[in-house]
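Structure assessment
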Amino acid sequence: MEDVNNQSYDEFTLNFKLEEDVPIDQYEMTMYNYEFVGNRTKCSCVAIDGVRALQFKVPATLPLEQFLRKQLYKGEFLSILSNILNQLIYFNENNMPLNKLLLNVHYMYIELSTFDIQLLYMPVNKKFADCNVTEFIQTFIGKVRFANMASVECVDQILKFLDSKLMFNLEEFYQYILSLEQKSILEDQGEPEEETPVVQTTSESYSNPVPYLVRIKTNELIPILHKEFMVGKSVNCDYQIIDNKKVSRKHAIFRISNGECYVRDNASTNHTFINGQLLQPGVEVMLSNDDNIRMGDEEFKYWVR
């Protein structure tokens, strides 16, 4: 099977070519198309130019492979991992073989507000290669860039846990990750709580969900991790753009206040535009999700949830 995908920021459509003699497993198709533990992807069998295909409609905001280009904090990493494991348990409990899952970050998608992960499952009756969940976890960890020592130490604990087990048990490992997640939440709050609060992406500077810029040219995901975050060509900027002459040395400043993000033009030569509207130098404008930001001719999209 091979895939072709058409993607936007709101939805991914992936088509996997199917051989004519490969039957669909209707039970697995039905179970997959239920909304479960954050997965809202829908699968159907379609004909494209006379060719059979499995078509997936993925309501996700970003490919996980792209999201992993940024550095992750411990809470982010644990939330993503626990969401993946929770789905694996769903497949196990419904007698859906894990080797039919595409356990590869290239075929996984993440919703930034919840860290829900969309996994792709092949509901067809054919032979697939064996699935090694432990190997996937180790490979996944190897692709992650961690933001601080707390994250690195957490991963070291996880790898030691895996090494200490003669046989891998998915449910046991999931419960272990949940315990680390709970501990991380309590540490962030500074005091114990009886009920588990919702995990939120946080920086070390403030406690609101971290907003992001997406650089359109490169699809780079840029977390705004400080209360004042400068973008420009200067080495003193929090995010440096060195390959665009239209961007000024200290082009624009993003500021976090009371859970909102504001941007102001820093008297740049080629100006800053929000959704095509010129931003007057020194005037702050509050950003909304999916706003388009243009610095000179360098475009970004603002994401927070």
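Everything numeric here is computed off the predicted structure, so don't read it as measured data.

What counts, and at which threshold
- Residues numbered from 1 in each chain as written.
- Predicted model: local features only at pLDDT ≥ 70, side-chain atom pairs only at ≥ 80, totals over all residues.
- Heavy atoms only, no water.
- Helix = DSSP H or I, 4+ residues; strand = E, 2+ residues; numbered from the N terminus.
- Buried < 20%, exposed > 50% of the residue type's maximum accessible area, 1.4 Å probe, protein only.
- Contact = heavy atoms within 4.5 Å.
- Areas by Shrake-Rupley, 256 points an atom, 1.4 Å probe, with all protein chains shown as cover.
- Pairing = 2+ DSSP bridges.
- Phe/Tyr/Trp six-rings, centres within 6.5 Å; stacked < 30°, edge-to-face > 60°.
- Lys NZ or Arg CZ within 6 Å of the ring centre and 35° of its normal.
- Core = buried A, V, L, I, M, F, W, Y, C linked by side-chain atoms within 4.5 Å.
- Expected span 1.5 Å × (residues − 1).
- Arc of directions from axis to C-beta.
- Axes fitted to C-alpha atoms, helices over the stretch in contact; angles between N-to-C directions.
- Parallel < 35°, antiparallel > 145°, perpendicular 65-115°, else oblique.
- Left-handed = near helix turned anticlockwise from the far one by under 90°.
- Nonpolar A, V, L, I, M, F, W, Y, C, P; charged D, E, K, R; others polar.

**Topic: the overall build of the protein chain**
Within the protein chain one finds six helices and 20 strands. Among the 305 residues that make up the protein chain, the fraction classed as buried is 49%. Counting contacts in the protein chain only where the partners sit at least 6 residues apart, residues at least 24 apart contribute 57% of the total. Accessible surface for the protein chain amounts to roughly 15,200 Å². Of this, 46% is attributable to carbon and sulfur atoms.

**Quick notes on unusual backbone geometry**
If you check the backbone angles, Asn275 has positive phi at about 50 degrees while not being a glycine. Counting through the fold element by element, Asn275 comes out in the loop between β16 (272-274) and β17 (277-279). Here Asp290, not a glycine, exhibits a phi torsion of approximately 75 degrees, which is positive. As for its position among the elements, Asp290 is in the loop between β18 (284-286) and β19 (292-295). Under the relative-accessibility criterion, Asp290 is labelled partly exposed at 33%.

**Details of the sheet that holds strand β7 (residues 109-110)**
Judged by pairing direction, the sheet is antiparallel, and its three strands sit side by side in the order β5-β7-β8 without closing on themselves. The sheet is open, and its two borders are formed by β5 (62-63) and β8 (117-118), each paired with just one other strand.

**Here we look at the pairing of strand β4 (residues 51-58)**
Counted residue by residue, β4 has six buried out of eight residues, so it is predominantly covered. Pairing of strand β2 (residues 12-17) with β4, which is carried by six bridges, proceeds in the antiparallel orientation. Bridged to Phe12 within β4 is Val58. Direction of pairing for strand β3 (residues 42-48) relative to β4: antiparallel, over a ladder of seven bridges. The residue bridging Cys43 from the neighbouring strand is Phe56, located in β4. Between β3 and β4, which pair antiparallel and follow one another directly, the connecting turn spans two residues, one of which, Asp49, has a positive phi of 50 degrees.

**Quick notes on the packing of aromatic side chains**
Counted according to the given criterion, the structure contains 17 aromatic pairs. Ring plane angle 85 degrees and centroid distance 5.7 Å describe the contact between Phe16 and Phe56, whose orientation is recorded as edge-to-face. Within this pair, whereas Phe16 is found in strand β2, its partner Phe56 is found in strand β4, the two being separated by 40 residues in sequence. For Phe56, a relative accessible area of 0% translates into the label buried. Taken together, the aromatic side chains of Phe16, Tyr32, Phe36, Phe56, Tyr90, Phe91, Tyr107 and Tyr121 make up a single cluster linked through ring pairs. Looking at Lys126, its charged tip hangs above the ring of Phe128, at a distance of 5.9 Å from the centre. Sitting over the ring of Phe273, Arg294 keeps its end group 4.1 Å from the ring centre.

**Focus on the nonpolar core**
Grouped together as the largest cluster of nonpolar side chains are 73 residues, with contacts concentrated most on Phe67, Phe77 and Ile158. At 10 residues, helix α3 (residues 74-93) tops the list of elements feeding residues into this core. Leu213, Ile224, Phe254 and Ile274 belong to the second largest nonpolar core, which has 21 residues in total.

**Section: helix α5 (residues 149-163)**
With 15 residues, α5 should reach 21 Å at 1.5 Å per residue; the first-to-last C-alpha distance of 21 Å fits that figure. For α5, the complete set of buried residues consists of Ser151, Cys154, Val155, Ile158, Phe161 and Leu162. Across the axial projection of α5, the buried residues extend over an arc of 115 degrees, all falling on one side. Among the exposed residues of α5, those pointing more than 90 degrees away from its buried face are Met149, Lys160 and Asp163.

**Things to note about the environment of Lys42**
Of note, Lys42 is situated in strand β3. Apart from residues lying up to four places away in sequence, Lys42 is in contact with Asn33, Tyr34, Glu35, Gln55, Phe56 and Lys57.

**Remarks on the packing of α3 against helix α4 (residues 133-143)**
At a closest axis distance of 12 Å, the pairing of α3 and α4 adopts a crossing angle of 160 degrees. Viewed along their axes, α3 and α4 adopt a mutual orientation that is roughly antiparallel. Crossing of α3 against α4: the hand is right-handed. Within the contact between the two elements, α3 uses Phe77, Ile80, Leu81, Ile84, Leu85 and Leu88 and α4 uses Val133, Phe136, Ile137, Phe140 and Ile141. Partitioning the contact of α3 with α4 into residue classes produces 11 nonpolar, no polar and no charged.

**Some words on the environment of Thr269**
Mapped onto the elements of the fold, Thr269 is located in the loop between β15 (260-265) and β16. Spatially, the C-alpha atom of Thr269 lies 9.5 Å from that of Arg249, the residues being 20 residues apart in sequence.

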